[in-house]
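# Residue-level structure breakdown
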Amino acid sequence: MTYRNMRCAAIHDLSGMGKCSLTVALPILSACGVETAVMPTAVLSTHTGGFTGYTYRDLTEDLLPMARHWKKEGCRFEALYSGFLGSPEQIGLVSEIFSLFREEGTLVAVDPVMGDAGKLYATYTKEMADGMGTLCRGADLVMPNFTEACHILGLPYREGPYTREYVREILHGLLDLGPRMAVLTGVWQEEGCLGAACLERGQEEPQWLLSDRVPGSYHGTGDVFGSTLVAGLLNGMTLPQACQLAVDYTQRVIVTTHQVGGDLRMGPKFECHLPWLCQKMADFREGKGA
């Protein structure tokens, strides 16, 4: 098997403790054979989900100088992948960075991290949330949860369970904004199952990709899912194949996190399942299936 070089620019915040954003994206993408350049939007002592008194260093002013230096050095990327952003200015800058590096065939993936359970995060203003919608319009792939999708589309948030008709409506609405691929997370129709649904432009019916549901809420698993999804696409998987892999890996991680217990603020126990993910990706590259 000939190794194919793949490089992704991951534009997320960096939390020193509590695994999420870059501390999840970098190891997962790397384990899947994707050379990953990181562009921290901010550096925090911990993430903001349940911790108090954390330090926060805004790196807004560093983003364009970093990008311009990369461009000067001749850096090119197969994927540009953004997640949590800390200000309206950052949203505009990330859009500019996308334009700076986008070429034919570049995958621009946006995880519009804004909120959950029907509410936007406390750090998000309406201006920021609307700006995130604009960023999604210029992406190839968007992967919101229901809270984020409803805000982007201007729809009222609904609690699950979700009908296939409703999920289809949301996904078609996202594709109508401009992306060619949309993935919706937090999808479920009956108790005991949870996963995602995906749709590509030109298709009518979404594919549902579900696994067994584990009780509880686990910070950072959205980043586990998104990073695995991007890695799968870069390795040549179809959208449903990459989405299924992301669902399966995330579910394994959640099961272990639930079994281990302890302080869930410290993030998902994804490390112990990286060998499984590496093997799955290697099997796919060698033609043994997803």
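These numbers come from a predicted model, not from an experiment.

Before going further, it helps to spend a moment on the overall build of the protein. What the protein contains, in helices and strands, is 9 helices and 11 strands. Here the protein has a C-alpha radius of gyration of 18 Å; the compact-globule value for 290 residues is 19 Å, and the two agree. With the C-alpha coordinates of the protein rotated into their principal frame, the extents come out at 50 × 50 × 45 Å. Taken over 290 residues, the protein has a buried fraction of 52%. Considering only residue pairs separated by 6 or more positions, the protein has 69% of its internal contacts joining residues 24 or more positions apart. A total accessible area of about 12900 Å² is found for the protein, and carbon and sulfur atoms account for 51% of it. Across the protein, the mean location of the 24 positive side-chain charges is 3 Å away from that of the 33 negative side-chain charges.

Glancing now at the environment of Thr257. Checked against the element boundaries, Thr257 lands in helix H8 (residues 239-260). In this structure Thr257 comes out as buried when scored by relative accessible area, which is 2%. Once residues within four sequence positions are removed from consideration, Thr257 is found in contact with Tyr218, Leu264, Gly267, Pro268 and Lys269. Within the local environment of Thr257, its side chain forms a polar contact with the backbone oxygen of Val253, the two atoms lying 2.7 Å apart.

Hydrogen bonds along the backbone pair up the strands of a sheet, which may run parallel or antiparallel. Reading across the sheet, the 9 strands line up as E3-E2-E1-E4-E5-E8-E9-E10-E11 and stay open at both edges, with mixed pairing between neighbours. Either end of the sheet is taken by a strand with one partner, and the two such strands are strand E3 (56-58) and strand E11 (207-212). Taken together, the 6 bridges between strand E9 (residues 181-187) and strand E10 (residues 193-200) define a ladder with antiparallel strand orientation. For Leu184, the partnering residue across the bridge sits in E10 and is Ala197. Helix-sheet contacts for helix H2 (residues 60-72) involve strand E1 (7-17), strand E2 (35-46) and E3, and the interaxial angle to E2 is about 165 degrees. Its contacts with the sheet place helix H6 (residues 164-176) against strand E8 (141-142), E9, E10 and E11, and it is angled at close to 140 degrees to E9.

Quick look at the pairing of E9 now. Among the 7 residues of E9, 6 are classified as buried, and the element is accordingly described as predominantly covered. Note that E8 and E9 share 2 bridges and pair parallel. The partner of Leu141 across the bridge, within E9, is Met181. The antiparallel pairing of E9 with E10 creates a hairpin that spans 5 residues between the two strands, and Gly192 there sits at a positive phi of about 95 degrees.

Under the defined criterion, the tally for this structure stands at 9 salt bridges. Between Asp130 and Lys126 there is a salt bridge whose closest N-O contact spans 2.7 Å. You can see Asp130 and its partner Lys126 sitting in helix H4 (residues 126-137), 4 residues apart, about one turn around the helix. Assessed through its relative accessible area of 36%, Asp130 is described here as partly exposed. Assessed through its relative accessible area of 59%, Lys126 is described here as exposed. In this structure, Arg180 and Asp140 form a salt bridge, with 3.7 Å as the shortest nitrogen-oxygen distance. With a gap of 40 residues between them, Arg180 in the loop between H6 and E9 and Asp140 in the loop between H4 and E8 connect regions that are remote in the sequence.

With that settled, consider a negative patch on the surface. A surface patch of like charges, here negative, comprises Asp58, Glu61, Asp62, Glu89 and Glu127. Looking at the secondary structure, you find Glu89 in helix H3 (residues 88-101).

On to H3, then. Note on helix geometry: an α-helix contains 3.6 residues per turn, so any two residues three or four positions apart are oriented the same way. The end-to-end C-alpha distance of H3 is 21 Å, a good match for the 20 Å that 14 residues give at a rise of 1.5 Å each. For H3, the full list of buried residues reads Gln90, Ile91, Leu93, Val94, Ile97, Phe98 and Phe101. Viewed end-on, H3 has its buried residues packed into an arc of 165 degrees, placing them on one side of the element.

Below, the discussion takes up the side chain of Ser87. Mapped onto the elements, Ser87 comes out in the loop between strand E4 (79-82) and H3. For Ser87, a relative accessible area of 8% translates into the label buried. Residues in contact with Ser87, not counting those within four places in the same chain, are Thr60 and Met128.

Right, let's get into the packing of helix H5 (residues 146-153) against H6. Axis angle and axis distance: for two packed helices, these are the angle between their axes and the distance between the axes, and together they describe the pair. It is at 10 Å that the axes of H5 and H6 come closest, and there the two elements cross at 55 degrees. Relative to H6, the element H5 lies oblique. Seen from above, H5 lies across H6 with left-handed handedness. Contacts from Phe146, Ala149, Cys150 and Leu153 in H5 reach Tyr166, Val167, Ile170, Gly173 and Leu174 in H6. Here the contact of H5 with H6 is composed, by residue class, of 8 nonpolar, 1 polar and no charged.

The rules behind the values
- Residues numbered from 1 in each chain as written.
- Predicted model: local features only at pLDDT ≥ 70, side-chain atom pairs only at ≥ 80, totals over all residues.
- Heavy atoms only, no water.
- Helix = DSSP H or I, 4+ residues; strand = E, 2+ residues; numbered from the N terminus.
- Rg over C-alpha atoms; globule rule 2.2 N^0.38 Å.
- Buried < 20%, exposed > 50% of the residue type's maximum accessible area, 1.4 Å probe, protein only.
- Contact = heavy atoms within 4.5 Å.
- Areas by Shrake-Rupley, 256 points an atom, 1.4 Å probe, with all protein chains shown as cover.
- Lys, Arg positive; Asp, Glu negative; His and termini not counted.
- Charge placed at Lys NZ, Arg CZ, Asp CG, Glu CD.
- Polar contact = N/O pair within 3.5 Å; in protein donor to acceptor, adjacent residues only side chain to side chain.
- Pairing = 2+ DSSP bridges.
- Axes fitted to C-alpha atoms, helices over the stretch in contact; angles between N-to-C directions.
- Salt bridge = Lys/Arg side-chain N within 4 Å of Asp/Glu carboxyl O.
- Patch = residues over 30% accessible without salt bridge, like charges linked within 9 Å, V, L, I, M, F, W, Y side chains within 5 Å.
- Expected span 1.5 Å × (residues − 1).
- Arc of directions from axis to C-beta.
- Parallel < 35°, antiparallel > 145°, perpendicular 65-115°, else oblique.
- Left-handed = near helix turned anticlockwise from the far one by under 90°.
- Nonpolar A, V, L, I, M, F, W, Y, C, P; charged D, E, K, R; others polar.

These results come straight from atomic positions and should not be treated as a statement about function.
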